[in-house]
Amino acid sequence: MSARCFRSVGVDPATGKEAFVAARPGGFLEELADAHALKAAAVLVTVVGAVLEGGKSSDAELAAFVPSLYAALEECVGIMAADRE
């Protein structure tokens, strides 16, 4: 994930603001950002799976998930690619 300068490491519970770090490849902050990205993707998969299983969502409602799913997939693919280098 070296292409991105800043990576999210979650939301600060005190302020409610998202925290970003400039992570060095192979460093602790990159590992923390990777863990956060994978956890966020897992939550997103759970939510989208539940919506799909419900079967009562409109195409427009389902389409609202596409940008979030794309971003999560892109970040996960980046993590996997970085691990192979």
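To be clear, the structure that these remarks concern was listed above.
Residues numbered from 1 in each chain as written. Predicted model: local features only at pLDDT ≥ 70, side-chain atom pairs only at ≥ 80, totals over all residues. Heavy atoms only, no water.

Would you mind showing me how to read the pattern of salt bridges here?
Should their charged atoms come close, side chains of opposite charge can pair. In this structure the tally under the stated criterion is two salt bridges. The partner of Arg-7 in a salt bridge is Glu-75, and the shortest N-O contact between them spans 3.2 Å. In this pair, Arg-7 sits in strand E1 (residues 6-11) while Glu-75 sits in helix H3 (residues 66-84), placing the two residues 68 residues apart along the sequence. Grouping residues by exposure puts Arg-7 and Glu-75 together as buried. What you see here is one network of salt bridges that share partners, running through Arg-7, Asp-34 and Glu-75. (Salt bridge = Lys/Arg side-chain N within 4 Å of Asp/Glu carboxyl O. Helix = DSSP H or I, 4+ residues; strand = E, 2+ residues; numbered from the N terminus. Buried < 20%, exposed > 50% of the residue type's maximum accessible area, 1.4 Å probe, protein only.)

Sorry, what's going on with the nonpolar core here?
Soluble, globular proteins show a tendency: their nonpolar side chains are buried together. Core analysis: the biggest nonpolar cluster contains five residues, these being Ala-41, Leu-44, Val-48, Ala-72 and Cys-76. For this core, the elements supplying multiple residues, two or more each, are helix H1 (28-54) and H3. Among the elements that make up this core, the one with the highest residue count is H1 (three residues). Not counting residues within four places of it along the chain, the set of residues in contact with Ala-72 comprises Ala-41 and Leu-44. (Core = buried A, V, L, I, M, F, W, Y, C linked by side-chain atoms within 4.5 Å. Contact = heavy atoms within 4.5 Å.)

What should I look at first to understand the packing of H1 against H3 in this one?
Think of two packed helices as two axes; the pair is described by the angle between the axes and how far apart they sit. Here H1 crosses H3 at 140 degrees, and the two axes come no closer than 10 Å. Compared by their axis directions, H1 and H3 come out oblique. Our pair here, H1 against H3, has a crossing hand that is left-handed. On H3, the residues that touch Asp-34, Ala-37, Leu-38, Ala-41, Leu-44 and Val-48 of H1 are Ser-68, Leu-69, Ala-72, Glu-75, Cys-76 and Ile-79. (Axes fitted to C-alpha atoms, helices over the stretch in contact; angles between N-to-C directions. Parallel < 35°, antiparallel > 145°, perpendicular 65-115°, else oblique. Left-handed = near helix turned anticlockwise from the far one by under 90°.)

Can you walk me through H1 in this structure?
Along an α-helix, residues three or four apart share an orientation, since each turn contains 3.6 residues. Taking 1.5 Å as the rise per residue, H1 with 27 residues should run 39 Å; its terminal C-alpha atoms sit 39 Å apart, in good agreement. Within H1, the full set of buried residues consists of Glu-30, Ala-33, Asp-34, Ala-37, Ala-41, Leu-44 and Val-48. Tucked into the core, H1 has its buried residues touching E1 and H3. Phi turns positive one or two residues past the end of H1, at Gly-55, with a value near 70 degrees. (Expected span 1.5 Å × (residues − 1).)

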